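The lines below spell out each chain.
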Amino acid sequence: MSAAAQVTDSTFKQEVLESDVPVLVDFWAPWCGPCRMVAPVVDEIADQYTGQVKVVKVNTDENPSVASQYGIRSIPTLMIFKGGQRVDMVVGAVPKTTLASTLEKHL
Amino acid sequence: MNTQDKTTQATDKSLEAMRHFSEQYAKRTDTYFCVDLGVTAVVIEGLAKHKDELGAPLCPCRHYEDKQAEAAAAYWNCPCVPMRERKECHCMLFLTPDNDFAGDKQEIAFEEIRATTNQY
């Protein structure tokens, strides 16, 4: 279905913070229209940067702890983590070029 | 992690109420639905779902610490304050004509909404 794996409150530390490669995290919610719009873009990024970047998704309704910890308000919010730290973020249904250029800065 | 079914749909009654509201509000404010009506459908289902659960159509495109408290505060109840003051809808339900994603429609049928949201 999707190139990006779902991450939860309990697996976030292992999958994102302790990752050896940069991680793109898509914070989304089920009935958020723009989230549905950006999802295929995120999947394309996952395919395009296979091996260079890990791409995961967090359902904020089901994983409120991690969403609150990182101050998620407007969704979709896309965050980039590197070495356990948040290094960048973009908010809203951005075009693929915007997401790719943001990501490239951290590779 | 809660086990609540994330893709449960709203009641028909709330969905119809929010569908009707969305059409009327778009026409009243000279705004348009997204060129991708799938986005419109998902947001209307989300608003209706919150109306069922919280008694108010809280914006489905935000994360809240406490949904009940936010619904009571009303700031993010649709139409939210940023929409009423500046026509800003980050959910992309109501788009001004100059927005790249704005389509030419201010109407969406009940069946059209469910044709999209039945997929999730």
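Structure shown above.
Given the structure is predicted, the values throughout are model-derived calculations rather than measurements.

Caption draft 1: Broad picture of the pattern of salt bridges. Residue and element names in this part refer to chain A. Inspection of the entire model under this criterion finds 16 salt bridges over all chains. Among the ionic pairs, lysine 96 bridges to glutamate 44, the shortest N-O distance being 3.3 Å. Here glutamate 44 lies in helix α2 (residues 33-48) and lysine 96 lies in helix α4 (residues 96-104), a separation of 52 residues in the sequence. Residue classification places lysine 96 among the partly exposed residues on the basis of a relative accessible area of 30%. Residue class for glutamate 44 comes out partly exposed when judged on its relative accessible area of 41%.

Caption draft 2: Local environment of the interface of chain B and chain A. Residue-level contacts link 27 residues of chain B with 23 residues of chain A. Roughly 2100 Å² of surface becomes buried between chain B and chain A when both sides are summed, with 62% attributable to carbon and sulfur atoms. Taken together, chain B and chain A are joined by two salt bridges. Between A:Arg73 and B:Glu65 there is a salt bridge; the shortest N-O distance is 3.7 Å. Across the contact surface, chain B and chain A share six residue pairs in polar contact (both at pLDDT 80 or more).

Caption draft 3: Quick look at the packing of aromatic side chains. Evaluated as defined, the whole model comprises eight aromatic pairs over all chains. Seen in terms of ring centroids, A:Phe12 and A:Phe81 are 5.6 Å apart; in terms of plane orientation they differ by 80°. Their pairing is edge-to-face. Residue A:Phe12 is found in helix α1 (residues 12-17), and its partner A:Phe81 is found in strand β4 (residues 77-82); the two are separated by 69 residues along the sequence. With a centroid separation of 5.1 Å and an interplanar angle of 70°, the aromatic rings of B:Tyr75 and B:Trp76 are classed as edge-to-face. The exposure class assigned to B:Tyr75 is partly exposed, which follows from its relative accessible area of 38%. Judged by its relative accessible area of 15%, B:Trp76 is buried. Each residue in the set A:Phe12, A:Tyr70 and A:Phe81 is aromatic and connected to the rest through ring pairs, giving one cluster. Above the face of the B:Tyr120 ring, A:Arg36 is positioned so that its terminal group lies 3.5 Å from the ring centre.

How each quantity is defined
- Residues numbered from 1 in each chain as written.
- Chains lettered and ligands numbered in written order.
- Predicted model: local features only at pLDDT ≥ 70, side-chain atom pairs only at ≥ 80, totals over all residues.
- Heavy atoms only, no water.
- Salt bridge = Lys/Arg side-chain N within 4 Å of Asp/Glu carboxyl O.
- Helix = DSSP H or I, 4+ residues; strand = E, 2+ residues; numbered from the N terminus.
- Buried < 20%, exposed > 50% of the residue type's maximum accessible area, 1.4 Å probe, protein only.
- Contact = heavy atoms within 4.5 Å.
- Buried area = accessible area lost by both parts, 1.4 Å probe.
- Polar contact = N/O pair within 3.5 Å; in protein donor to acceptor, adjacent residues only side chain to side chain.
- Phe/Tyr/Trp six-rings, centres within 6.5 Å; stacked < 30°, edge-to-face > 60°.
- Lys NZ or Arg CZ within 6 Å of the ring centre and 35° of its normal.

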